[in-house]
Amino acid sequence: VIYLKKSFLEPLPPGPLSRLSNYSADNLYLRWNAPDKDSHVNLFKVIIDHHTQVTNDNEPEIHWNNLLEPYTKYNVTIYAVSYGYASNYPLKGSRESLPAIYQIITEDSK
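Residues numbered from 1 in each chain as written. Predicted model: local features only at pLDDT ≥ 70, side-chain atom pairs only at ≥ 80, totals over all residues. Heavy atoms only, no water.

Here we look at the environment of T106
For step 1, the next point in the chain: Relative to the helices and strands, T106 is located in the segment after β7 (100-105).
For step 2, the next point in the chain: The sequence separation of T106 and K73 amounts to 33 residues, and the corresponding C-alpha distance is 6.6 Å.
For step 3, the next point in the chain: Sequence-distant contacts of T106, that is, excluding residues within four places in its chain, are made with Y23, A25, L68, E69, P70, Y71, T72 and Y74. (Helix = DSSP H or I, 4+ residues; strand = E, 2+ residues; numbered from the N terminus. Contact = heavy atoms within 4.5 Å.)

Quick look at the structure:
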């Protein structure tokens, strides 16, 4: 009998935002700490101001495509998404981590 960890398809939430992030309203770049290495992640889903964007891979960073207002507070929600170890696409569904929620204040456009 082979037992799989519960984390097989249930990734841990992303870690805190990095100081390398850039909060420019027209060039937002977010970087965060990846979940524990035992947590398998295929990609990340980021939600800001009711807009959703996903990363191309499991790198914990995103260049935000939507313009934001300068000097504005936004809630940022990041989910780690796993399709499992065996494939890179969701044959049997996917799982999202618990959300990591942060507040940011955008800076002037650069």
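Some words on the nonpolar core
For step 1, the next point in the chain: Ranked by internal contacts, the top residues of the largest apolar core, which has 18 residues, are L30, W32, V46, I48 and I78.
For step 2, the next point in the chain: Elements represented by at least two residues in this core include exactly β2 (43-48), β5 (73-82) and β7.
For step 3, the next point in the chain: At four residues, the largest contribution of residues to this core is made by β5.
For step 4, the next point in the chain: The residues contacting V46, other than those within four sequence positions of it, are W32, H51, T52, Q53, I62, W64, V76, T77 and I78. (Core = buried A, V, L, I, M, F, W, Y, C linked by side-chain atoms within 4.5 Å. Buried < 20%, exposed > 50% of the residue type's maximum accessible area, 1.4 Å probe, protein only.)

Here's the deal with unusual backbone geometry
For step 1, the next point in the chain: Positive phi, close to 50°, is recorded for D49, a residue that is not glycine.
For step 2, the next point in the chain: By the element assignment, D49 lies in the loop between β2 and β3 (51-54).
For step 3, the next point in the chain: Although it is not a glycine, Y71 sits at a positive phi angle of roughly 55°.
For step 4, the next point in the chain: Relative to the helices and strands, Y71 is located in the loop between β4 (61-63) and β5.

Notes on the pattern of salt bridges
For step 1, the next point in the chain: Scanning all chains against the criterion turns up two salt bridges.
For step 2, the next point in the chain: The salt bridge partner of R31 is E61, with a shortest N-O separation of 3.1 Å. Remark: E61 occurs in strand β4 and R31 occurs in strand β1 (residues 29-31); sequence separation between them is 30 residues.
For step 3, the next point in the chain: Judged by its relative accessible area of 22%, R31 is partly exposed.
For step 4, the next point in the chain: The closest approach of N and O atoms between K45 and E96, which form a salt bridge, is 2.7 Å. With K45 in strand β2 and E96 in strand β6 (residues 95-96), this residue pair connects regions lying 51 residues apart in the sequence. (Salt bridge = Lys/Arg side-chain N within 4 Å of Asp/Glu carboxyl O.)

Observations concerning the confidence of the model for the protein
Close inspection of predicted coordinates is inappropriate in any region flagged by low pLDDT.
For step 1, the next point in the chain: Per-residue confidence for the protein gives a mean pLDDT of 87; residues scoring 70 or more make up 83%.
For step 2, the next point in the chain: Here residues 1-7 is a poorly scored stretch, pLDDT under 50, and it has two contacts once near neighbours within four places are set aside; other chains count. (pLDDT = per-residue confidence, 0-100.)

Concerning the packing of aromatic side chains
For step 1, the next point in the chain: For the structure on display, the rule yields one aromatic pair.
For step 2, the next point in the chain: Lying over the aromatic face of Y79, K45 brings its terminal NZ or CZ to 5.0 Å of the ring centre. (Phe/Tyr/Trp six-rings, centres within 6.5 Å; stacked < 30°, edge-to-face > 60°. Lys NZ or Arg CZ within 6 Å of the ring centre and 35° of its normal.)

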